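What follows is the residue order along each chain.
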Amino acid sequence: MVLLVLFACEKDDICVPETLTTPRLIVRTFQQNDLTTPQEPPDFLVKPIGSDLPLPSNKSDSLLLPLRTDKAYTEFEFIINAEQDNQNIDTLRISYRVEDQYLNRSCGFRSTFIFMESPVEIINSGEDWITSVKKIRDTVSDEQRAHIHLFY
């Protein structure tokens with residue numbers, strides 16, 4: 001009995017760093033009385049629903065939030081006065097449609113998020129500290145400019 005084994009050799013697939021990957025949502029925060037100058041809320045944290053850990057804070061007026069690719073929405077707790085007794089939490093649901101694009105075998109897929117008509121909903125009751133939200137762009141396809149403005 002003769003056993004013949006053939007191996008197919010292919011060049012290595014490498015996903016270069018310049019390859020566009022799934023972008024994060026960029027949210028800029030503004031005080032309600034100054035709509036021209038972005039500003040971070042006091043003692044601010046953002047925590048994805050279902051996680052005990054807050055997202056890393058970059059201490060700026062822009063947040064980079066990862067969106068779920070396995071659902072049509074992602075929920076976050078936006079927390080002000082996080083380390084104080086008067087902590088205030090607003091829970092936001094961000095709704096969208098996901099479009100996946102196959103890049104190649106080594107890079108896999110890249111997702112783009114297309115917002116619904118009113119993509120952000122405050123879903124908790126209580127003392128809402130977020131006064132309004134404005135959609136700036138209809139699609140999350142890059143991390144170049146803000147997609148949503150949040151006013152407090």
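Report follows, based on the coordinates. Note that this is a predicted model, so its numbers are computed, not measured.

**Focus on unusual backbone geometry**
Here's step 1: With a phi close to 45°, D43 is a non-glycine residue in the positive phi region.
Here's step 2: By the element assignment, D43 lies in the loop between β2 (34-38) and β3 (45-48).
Here's step 3: One non-glycine residue, N81, lies in the positive phi region at around 55°.
Here's step 4: Looking at where N81 falls in the secondary structure, it is placed in the loop between β5 (73-80) and β6 (88-104).
Here's step 5: On the accessibility criterion, N81 (13% relative accessible area) is buried.

**Thoughts on the side chain of E75**
Here's step 1: Summarising the element assignment, E75 is placed in strand β5.
Here's step 2: At a separation of 2.4 Å, a polar atom in the side chain of E75 contacts the side chain of R93.

Criteria and cut-off values
Residues numbered from 1 in each chain as written. Predicted model: local features only at pLDDT ≥ 70, side-chain atom pairs only at ≥ 80, totals over all residues. Heavy atoms only, no water. Helix = DSSP H or I, 4+ residues; strand = E, 2+ residues; numbered from the N terminus. Buried < 20%, exposed > 50% of the residue type's maximum accessible area, 1.4 Å probe, protein only. Polar contact = N/O pair within 3.5 Å; in protein donor to acceptor, adjacent residues only side chain to side chain.

So, to be careful, I would describe these as geometric facts and stop short of saying anything about function.
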